[in-house]
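Here is how the chains run, residue by residue.
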Amino acid sequence: MTFTIPPLNTFTIKDIENFTGIKAHTIRIWEQRFQLFSARRKDTNHRIYDGEDLKTLLRIAYLYHHGIRISRIAALSDEEQNKLSLQLAAEGSSAGLQVNELIAATLDYDYFRFERVFYSQVLHLGFEHCITKIIYPFLEKIGVLWLTGNVIPAQEHFCSNIIRTKIMTAIDGQQMNQQATAHYLLFLPEGEFHEIPLLYAQYLLKKSGKLVTSFGANVPLADLEAFAPARPVTHIYTHLLTNVTQQVMNRFAATLSQQFPGIKILLSGPQSWQLTMPLPANVFVIKSLEELQAFS
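In what follows, the accompanying structure is described. All residue numbers refer to positions counted from 1 along the written sequence of the respective chain. With pLDDT at 70 or above as the cut-off, local features in this predicted model cover only qualifying residues; side-chain atom pairs require 80 or more to be listed or tallied, and sums for whole chains, interfaces and linings still use all residues. Hydrogens and water molecules were not included; the side-chain quantities draw on all heavy atoms of the structure.

Focus on the sheet that holds strand S8 (residues 283–286)
Should DSSP find at least two bridges between two strands, the strands are regarded as paired. Put simply, DSSP marks the helices as runs of H or I at least four residues long and the strands as runs of E at least two long, and each gets a number from the N terminus on. Spatially, five strands are ordered S5-S4-S6-S7-S8 in an open sheet, and the strand pairing comes out parallel. Because the sheet does not close on itself, it has two edges, and the strands there are strand S5 (211–214) and S8. Each strand of the sheet is rotated relative to its neighbour by a mean of 25 degrees, with strand direction disregarded. Bridge analysis of strand S4 (residues 183–186) against strand S6 (residues 235–239) gives three bridges, and the strand direction is parallel. Directly across from Tyr184, in S6, lies its bridge partner His235. A contact between two residues is defined here by any heavy atoms of the two lying within 4.5 Å. Lines fitted to C-alpha atoms define the axes, with helix axes restricted to the stretch in contact, and inter-axis angles between N-to-C directions lie between 0 and 180 degrees. Contacting S6, strand S7 (264–268) and S8, helix H12 (residues 246–259) runs over the sheet at an angle of about 155 degrees to S7.

Structure follows, in structure tokens:
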């Protein structure tokens, strides 16, 4: 059976609810009362939304979940909403100066400046705290910049590739425990390309003495089926960032459980937190790096 993360083309109001964490009834009220957006209608008269609608609603949800009243959001122009989103993102960063330095280097495609900031923080905090205290907040802020139209894909690829290279170097620096009883198979499903969290999980697992094999991003489930019988696997781990609907996430968990009944399936990332069905006995939701390291 094939699982592919669907492309972001059109969405129902239920999809929007899952993506934003805001009830469909509330979205309808906002649409009618504040004219924040105007959904198109299908022949069945059901609301449908496109990628730009999703981007707008994610920005509104970002402000709303940070305590901004919807009446205030509605009174702001798109430019003012963007400015406030960036302000909130800056205030939320405990290492704002270094994060902003990385942002500036990204916007200017300044590789050497990015490297200087990264290495200075590794020396100051250590590699792991640099990733969790600097790089993760930086990536979160990059996400806000995308929501507000201040970052283009080329800039995101630029910084992501630098970070990927640093983590891969750290992975190579750890000795693999060939005698480990726990063998973790890491992958991202088709349509998921956000590899940095997966790479960092690989680093932590390898460092903690686990045997780790990673297939990387955009992997068909059939590839896992071919590997598992050849090399006994005890755990399969994936991390999902790309927006998917609750229904898709539930189906994904059920599919993995059925295809690998004797293996522990570990699902991580914000999309896994929306699972609503009773989890199969071999499926576990991992909500932190500490949980992953402690899992057995």
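What about helix H2 (residues 24–34)?
Given 3.6 residues per turn, any residue in an α-helix points the same way as the ones three and four places further on. Buried residues of H2: Ala24, Ile27, Trp30 and Glu31, and no others. Down the axis of H2, the buried side of the element spans an arc of 120 degrees, and every buried residue falls inside it. Pointing more than 90 degrees away from the buried face of H2 are the exposed residues His25, Gln32 and Arg33. In the stretch just after H2, Gln35 is the one whose phi turns positive, near 50 degrees. In this scheme, a residue with accessible area under 20% of its type's maximum is buried, one over 50% is exposed, and one in between is partly exposed, where area comes from a 1.4 Å probe on protein chains only. Directions are taken from the helix axis to each C-beta atom, and the arc is the one they span.

A few points about the environment of Phe227
Inspection of the secondary structure puts Phe227 in helix H11 (residues 221–227). For Phe227, a relative accessible area of 16% translates into the label buried. Separated by 12 residues in the primary sequence, Phe227 and Phe215 place their C-alpha atoms 10.0 Å from one another. Excluding residues within four positions of it along the chain, Phe227 makes contact with His183, Leu185, Thr213, Phe215 and Val233.

Notes on the pattern of salt bridges
Think of a salt bridge as a Lys or Arg side-chain nitrogen and an Asp or Glu carboxyl oxygen that are within 4 Å of each other. By the definition in use, this model includes six salt bridges. Taking the shortest distance from any N to any O, the salt bridge between Arg113 and Asp108 comes out at 4.0 Å. Of the charged contacts in the structure, one is a salt bridge between Arg164 and Glu195, with a shortest N-O distance of 3.1 Å. Note that Arg164 is positioned in helix H9 (residues 153–172) and Glu195 in the loop between S4 and helix H10 (196–207), a separation of 31 residues in sequence. Judged by its relative accessible area of 15%, Glu195 falls in the buried class. Salt bridges sharing common partners tie together Glu101, Asp108 and Arg113.

With respect to the environment of Leu76
With respect to the helices, strands and loops of the structure, Leu76 is situated in the loop between helix H4 (70–75) and helix H5 (78–91). Sequence separation between Leu76 and Leu36 is 40 residues; the distance between their C-alpha atoms is 9.8 Å. With residues near it in sequence (within four places) discarded, Leu76 still touches Gln81 and Leu84.

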